[in-house]
Amino acid sequence: MSHKKQTLGEFIIENQSSFKYSSGELSSLINSIRLAAKVVNHEVNKAGLVDIIGAAGDMNIQGEDQQKLDVYANEKFIQTLTNRNIVCGIASEEEDDFISINSQDENHQNKYIVLIDPLDGSSNIDVNVSVGTIFSIYRRVTPVGTPVTLEDFLQKGSEQVAAGYVVYGTSTMLVYTTGDGVNGFTLNPAIGSFYLSHPDMQFPENGSIYSVNEGNYIHFPQGIKNYIKYCQQEENDRPYTSRYIGSLVSDFHRNMIKGGVYLYPQSSKNPDGKLRLLYECNPMAFLAEQANGKASDGFVRTMDVEPTELHQRVPFICGSKNMVEKAEEFMRKGQ
């Protein structure tokens with residue numbers, strides 16, 4: 001390389017003025033996530049070699065079989081975030097309830113809560129397909145000095161102070177926003193550092209990829225069926241290409257780079273949709289909007305949805321602005 005790439009640590013220090021709270025707090029939060037991501041990445045990479053793949057025998061709160069690696073990732077992220085003395089609460093897709101964390105001085109002085117999907121797309125582990133971690137960060141709303149309550153976690157997506165994901169793919173990347181654009185960092189495994197590889201990431205306004213599980217077509221609302229037919233018509237720049245990995249992180253990441261729309265609508269099987277508002281949709285919506293994209297449930301902006309429960313599910317349409325708006329138009333007409 002002719003010029004030295006900026007490390008994640010250097011980038012955080014240089015850009016801390018764009019974060020409206022204390023710069024040290026943000027560095028500490030992102031560093032905790034970076035550290036846990038490196039540990040989980042190491043395990044994901046050797047998942048094929050050791051008996052860490054396969055179901056753990058437990059089911060998580062959503063009734064899905066937990067992969068062993070899910071459990072491991074969950075423990076690592078919780079452990080790392082707890083040790084850094086910056087987070088007062090964590091909610092994970094793998095935990096029934098949120099975890100309250102006291103500060104080291106035992107006065108509940110920490111100010112941030114983290115919501116996390118520790119290993120998104122984990123059914124792909126056994127077959128060597130990309131998985132990821134999704135995180136969402138808020139400032140607590142209950143008074144500092146008291147234990148966190150459910151209220152701290154049930155904040156609208158528009159209140160997020162940071163969000164991002166790690167994709168454990170052919171290379172491992174950490175992509176995040178603090179409300180000032182989206183930047184991507186790639187792990188150099190030889191040195192163990194993340195380097196700025198994708199500055200100022202943006203969704204193209206139009207794309208030619210649609211990502212949806214077409215196996216569920218029969219269960220979809222009429223508006224989505226009509227939109228899928230529109231994507232398949234031979235007209236102008238269509239038909240679009242269908243690409244669906246089944247790992248939200250991977251599908252989102254590809255669509256942000258190449259231009260596309262991701263759809264996980266409600267269906268007769270999942271009347272509220274399947275993705276979780278707090279761990280999956282809100283952080284991805286924040287990233288999408290910061291990258292010139294759009295995210296909604298087909299009618300309402302995702303980040304305006306008022307959460308009522310920790311593991312709430314919502315329909316989700318996300319990606320290139322014009323494609324999302326076209327899908328929303330079909331949803332309105334299809335009612």
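Residues numbered from 1 in each chain as written. Predicted model: local features only at pLDDT ≥ 70, side-chain atom pairs only at ≥ 80, totals over all residues. Heavy atoms only, no water.

**Here's the deal with the sheet that holds strand 8 (residues 172-177)**
Hydrogen bonds between backbone groups are what pair the strands of a sheet, and the pairing can be parallel or antiparallel. Stated formally: Two strands are counted as paired when DSSP detects at least two bridges linking them. The helix and strand labels rest on DSSP assignments: H or I over at least four residues marks a helix, E over at least two residues marks a strand, and numbering proceeds from the N terminus. Residue contacts are defined here by distance: any two heavy atoms, one from each residue, within 4.5 Å place the two residues in contact. Convention adopted: a line fitted to C-alpha atoms gives each axis, helices being fitted over their contacting stretch, and angles between N-to-C directions are expressed from 0 to 180 degrees.
Strands sit in the order 4-3-5-6-7-8-9-10 across an open sheet of 8 strands; the sheet is mixed. Bordering the open sheet on either side are strand 4 (99-100) and strand 10 (193-198), each of which pairs with just one other strand. Of the strands in this sheet, strand 3 (87-92), strand 5 (112-120), strand 6 (131-139), strand 7 (162-168), strand 8 and strand 9 (182-188) touch helix 7 (residues 277-290), which is tilted by about 80 degrees from strand 6.

**Details of the side chain of glutamine 312**
Let me state the cut-off plainly: For the exposure calls, accessible area comes from a 1.4 Å probe over protein chains only, and a residue counts as buried if that area is under 20% of its type's maximum, exposed if over 50%, partly exposed in between.
Position of glutamine 312 relative to the elements: it lies in the loop between strand 14 (293-296) and strand 15 (316-320). Among the residues examined, glutamine 312 registers a relative accessible area of 13% and is labelled buried. In this view, glutamine 312 contacts Leu275, Arg276, Leu277, Val305, Glu306 and Pro307; residues no more than four positions away in its chain are not counted.

**Let's talk about unusual backbone geometry**
Along the chain, arginine 238 connects to proline 239 via a cis peptide bond; the corresponding omega equals 10 degrees. Within the chain, asparagine 236 stands out as a residue other than glycine whose phi angle is a positive 50 degrees. Along the chain, the position of asparagine 236 falls in the loop between helix 5 (222-232) and strand 12 (241-242). The exposure class assigned to asparagine 236 is exposed, which follows from its relative accessible area of 73%. Located in the positive-phi region is asparagine 292, a residue other than glycine, with phi close to 70 degrees. By the element assignment, asparagine 292 lies in the loop between helix 7 and strand 14. The class of asparagine 292 is partly exposed, set by a relative accessible area of 23%.

**Quick word on the packing of aromatic side chains**
Going by this rule: Classification of ring pairs uses Phe, Tyr and Trp, with its six-membered ring standing for Trp, and accepts pairs whose centres are within 6.5 Å; under 30 degrees between planes counts as stacked, over 60 as edge-to-face, and the remaining range as tilted.
Across all of its chains, the model carries 10 aromatic pairs by this definition. For the pair tyrosine 165 and phenylalanine 252, a centre-to-centre distance of 5.8 Å together with 80 degrees between the ring planes defines the contact as edge-to-face. Of this pair, tyrosine 165 sits in strand 7 while phenylalanine 252 sits in helix 6 (residues 248-258), placing them 87 residues apart in sequence. With relative accessibility at 0%, the residue tyrosine 165 sits in the buried group.

**Description of the pattern of salt bridges**
Here the idea is simple: oppositely charged side chains can pair when their charged atoms come close. For clarity, the threshold we go by: The term salt bridge refers to a pairing of a side-chain nitrogen on Lys or Arg with a carboxyl oxygen on Asp or Glu at a separation within 4 Å.
A complete count under the given rule lists 12 salt bridges for this structure. For lysine 111, the salt bridge identified is with glutamate 25, shortest N-O distance 3.1 Å. Residue lysine 111 is found in the loop between strand 4 and strand 5, and its partner glutamate 25 is found in helix 2 (residues 23-45); the two are separated by 86 residues along the sequence. The salt bridge involving glutamate 329 is made with lysine 333; its shortest N-O contact spans 3.3 Å.

**Let's talk about the nonpolar core**
For clarity, the cut-off: Side-chain atoms within 4.5 Å link the members of a nonpolar core, which is a set of buried Ala, Val, Leu, Ile, Met, Phe, Trp, Tyr and Cys residues.
Leu115, Tyr165, Val175, Phe252, Met256, Met284 and Phe316 are the most contacted members of the largest nonpolar core, which has 41 residues in total. At 9 residues, the largest contribution of residues to this core is made by helix 7. If we skip the residues at most four places from it in the chain, methionine 284 touches Ile134, Tyr165, Leu248, Val249, Phe252, Phe316 and Cys318. If you look at the next biggest cluster of nonpolar residues, it comprises 40 residues, including Leu119, Ile137, Ala162 and Phe194.

**Things to note about the UniProt feature "binding site: substrate" (unreviewed entry) in the protein chain**
To keep it simple, the criterion reads: UniProt positions are given in the numbering used here, feature names are shortened, and annotations may be inferred rather than shown by experiment.
UniProt marks Asp120, Gly121, Ser122, Ser123, Asn213, Tyr244, Tyr262, Leu263, Tyr264 and Lys274 with the feature "binding site: substrate" (unreviewed entry), using the numbering shown here. Along the chain, leucine 263 turns up in strand 13 (residues 260-264). With relative accessibility at 1%, the residue leucine 263 sits in the buried group. Residues contacting leucine 263, with those up to four places away along its chain left out, are Ser211, Val212, Ile224, Tyr227, Phe316, Ile317 and Ala327. Assignment of secondary structure puts lysine 274 in the loop between strand 13 and helix 7.

**Topic: helix 5**
Since one α-helical turn is 3.6 residues long, residues separated by three or four positions face the same way. By the burial criterion, the buried members of helix 5 are Gly223, Ile224, Lys225, Tyr227, Ile228, Tyr230 and Cys231. Looking at the buried positions of helix 5, the neighbouring elements they touch are strand 11 (209-211), strand 13, strand 15 and helix 8 (321-333).

**Some points on the environment of phenylalanine 185**
Among the secondary structure elements, phenylalanine 185 is positioned in strand 9. Looking at phenylalanine 185, the relative accessible area reads 0%, which means it is buried. The spatial distance from the C-alpha of phenylalanine 185 to the C-alpha of leucine 277 is 25 Å, given a sequence separation of 92 residues. Not counting the four nearest positions on each side in its chain, phenylalanine 185 is found in contact with Thr7, Leu8, Phe11, Thr172, Met173, Leu174, Tyr176, Phe194, Tyr195, Leu196 and Ser197.

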